[in-house]
Amino acid sequence: MKNQPIKFYLNNQYVNYAPEKEYISVLDYLRLNEELTGTKEGCGEGDCGACTVLLGSLQKTPSGFWLKYESINSCIRFLPSIHACHLVSIEHLSKKGELLHPIQEEMKNANGVQCGFCTPGIVMSIYNLFLNNDFTDRKKVEESLQGNLCRCTGYGPIINAAKNVFEKYKRIKDELYISNKKIKEKLIAIREKEPFPYSVPKDLKAFKSFIRKNKNNTIISGATDVGLWINKELQRPKNPVFISHVDELKIIKMSKNFITVGSSVTYTKLLESLKPFYPELTEYLKRIGGEQIRNMGTIGGNIANASPIGDMLPPLIALKSEIKISNAESQIRNIQMEDFFIKYKVKDLKNNEFILSVKIPKPTKGLVFSNYKVSKRRDEDISSVCASFYFIINRGYIIEARLVFGGMAEVPKRAKHTENFLLGKPWTEDSFADSAKKIEEDFQPISDARASQEYRVLVAKNLLKKVFLQKSKACRGLMRHGKLLVGRTNFD
Ligand SMILES: Cc1cc2nc3c(=O)[nH]c(=O)nc-3n(C[C@H](O)[C@H](O)[C@H](O)COP(=O)(O)OP(=O)(O)OC[C@H]3O[C@@H](n4cnc5c(N)ncnc54)[C@H](O)[C@@H]3O)c2cc1C
Ligand code: FES
Ligand code: FES
């Protein structure tokens with residue numbers, strides 16, 4: 001029962017394989033089972049991008065399925081989760097004796113390769129960018145390479161190579177683009193006609209049934225947290241259930257006042273759907289992991305992981321989001337996001353429950369919203385401190401304040417003393433300078449490898465000053481008729 005085969009396409013080949021172990025990574029499968037050693041292993045924890053491959057997966061739309069290719073880190077992705085998918089490794093781009101793929105050709109011409117260890121991963125990341133865009137610019141290329149570490153070439157030639165690809169070639173002529181429809185049909189055939197592996201529910205009903213039968217289970221969505229438990233902590237959590245096929249958890253629904261986001265929505269999709277409502281979140285979201293992690297990691301995983309430095313938690317709490325939770329018997333309960341986190345890594349979620357979706361209110365009048373991530377590296381790093389600030393301003397006065405910090409306590413937490421202090425105060429630099437003193441009443445953070453206690457407190461205070469300075473210009477526009485910001489700042 002448990003070793004039902006996983007069926008998928010690997011490059012041009014159909015695979016029907018029943019692994020002995022549930023936790024075989026896609027990378028190990030490629031290198032050890034298939035002897036496709038072009039895909040490299042560096043860190044084994046999603047950081048370096050050496051193991052980047054493309055994964056084509058079926059995306060459900062009201063009119064049927066479409067096939068989307070995205071870059072992923074194969075070291076922290078487990079084989080059952082790619083059932084009915086198309087796995088594309090570097091070997092698919094050109095075989096021995098064949099011409100190089102345009103991306104490889106441009107990497108060669110632009111001197112984008114020295115030792116070559118990172119090169120397959122970098123080529124696959126550029127391939128992801130190329131397949132999903134008609135045009136690019138330097139910023140987009142840099143973003144697409146956030147998750148790829150090159151120690152020797154330097155990024156200049158690699159960025160030039162990527163830009164040259166877009167200048168000289170059209171994606172519509174690429175083999176994967178041309179074969180999209182044909183491969184989609186093949187994947188649909190697997191999905192519709194073949195039995196799903198035991199640990200891969202095909203829909204919400206099957207997922208609930210799995211939970212009913214396996215009380216002590218481990219939900220695996222993008223595996224960007226769980227992957228590290230397996231690879232680094234050598235854990236083997238019991239009864240894994242891979243939920244990447246449960247389409248009901250991938251919905252994004254817009255209503256008049258809310259955006260409802262399914263728990264398996266990835267950061268990449270979240271970014272697209274929140275952008276029109278909360279453009280303030282765009283840059284912040286792009287600081288989460290690299291492109292591969294954003295293509296895999298989900299909002300539900302970030303919430304359920306309940307880390308005090310989960311980057312999505314402060315903005316979701318600040319925006320008054322609500323979590324919808326279901327159990328295996330379909331009983332539903334809703335809980336305010338800020339009440340979900342009880343203490344360090346302890347959350348209000350029972351064994352037979354899972355997160356269905358998150359309901360995010362749309363912006364209201366007078367809203368000033370800002371998000372900050374402070375980490376040692378700009379890209380691919382975990383926050384030392386992250387913060388989301390939500391203010392409602394009326395006629396130059398703060399009538400509502402929600403200040404949520406990550407990395408300052410054992411759970412993501414509101415600074416309630418500071419909020420109370422700011423309530424009713426004018427939107428001026430003095431109010432913010434004074435409010436910063438309250439931070440110490442709200443938080444006594446710990447010192448750890450990422451940051452000392454003193455540093456965290458200082459950063460939190462400075463972020464409060466920063467939000468005023470950064471948003472003052474926006475407020476002037478927002479509140480022109482309310483005569484907001486009559487005073488000058490000392491920094492004018
Ligand atoms: C290289 C790297 C960089 C990262 N960078 C960042 C970063 O910048 N910021 C950040 O916040 N995080 C970061 N992370 C952590 C991780 O990407 C996020 O926490 C991500 O959102 C987890 O989602 P997932 O789908 O991969 O979760 P998974 O790993 O699949 O699961 C995580 C936890 O959530 C549970 N779970 C998943 N879905 C559900 C559900 N629907 N209901 C109930 N429980 C569920 C799982 O059982 C597990 O306990 C990074 C991770 C890596 C490897
Ligand atoms: S081996 Fe480093 S990201 Fe996978
Ligand atoms: S070419 Fe050596 S690591 Fe990039």
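Residues numbered from 1 in each chain as written. Chains lettered and ligands numbered in written order. Predicted model: local features only at pLDDT ≥ 70, side-chain atom pairs only at ≥ 80, totals over all residues.

J.: Outline the confidence of the model for the protein, listing residues and values.
T.: Per-residue confidence for the protein averages 94 on the pLDDT scale, and 95% of its residues sit at or above 70. Long-range and interchain partners of residues 477–492, a stretch whose pLDDT sits below 50, account for 23 contacts in this model, where long-range means more than four residues apart. (pLDDT = per-residue confidence, 0-100. Contact = placed C-beta atoms within 7 Å.)

J.: Tell me about the sheet that holds strand β5 (residues 86–88), residues and numbers included.
T.: If you walk across this open sheet you meet the 5 strands as β2-β1-β5-β3-β4, and the pairing is mixed. Every other strand in the sheet has two partners, leaving β2 (13–17) and β4 (64–73) as the edge strands with one partner each. Strand-to-strand twist across the sheet, computed as the mean angle between neighbouring axes with direction ignored, equals 30°. The sheet contact formed by strand β3 (residues 52–61) and β5 spans 3 bridges and is antiparallel. Residue Leu54 lies in a different strand from β5, and its bridge partner there is Val88. Against the sheet, helix α3 (residues 119–132) touches β3 and β4, its axis set at about 30° to β3. The strands touched by helix α7 (residues 180–193) within the sheet are β1 (6–10), β3, β4 and β5, with β4 carrying the most contacts at an inclination of about 95°. (Pairing = 2+ DSSP bridges. Helix = DSSP H or I, 4+ residues; strand = E, 2+ residues; numbered from the N terminus. Axes fitted to C-alpha atoms, helices over the stretch in contact; angles between N-to-C directions.)

J.: How would you sum up the site of ligand 1? Please name residues and give values.
T.: For ligand 1, the set of nearby residues contains 32 residues, the closest of which are Gly46, Gly222, Gly301, Asn302 and Ala304. Within the residue set of the shell around ligand 1, elements represented by two or more residues are β6 (218–220), α9 (226–231), α12 (291–296), α13 (299–305) and β14 (353–361). Among the elements that line the shell around ligand 1, the one with the most residues is α13, at 5 residues. Per-class residue counts for the shell around ligand 1 are 13 nonpolar, 14 polar and 5 charged. When residues of the shell around ligand 1 are assigned to domains, at least three map to each of domain 1 (6–191) and domain 2 (248–361). (Near = placed C-beta within 6 Å. Nonpolar A, V, L, I, M, F, W, Y, C, P; charged D, E, K, R; others polar. Domains from an automatic or database assignment.)

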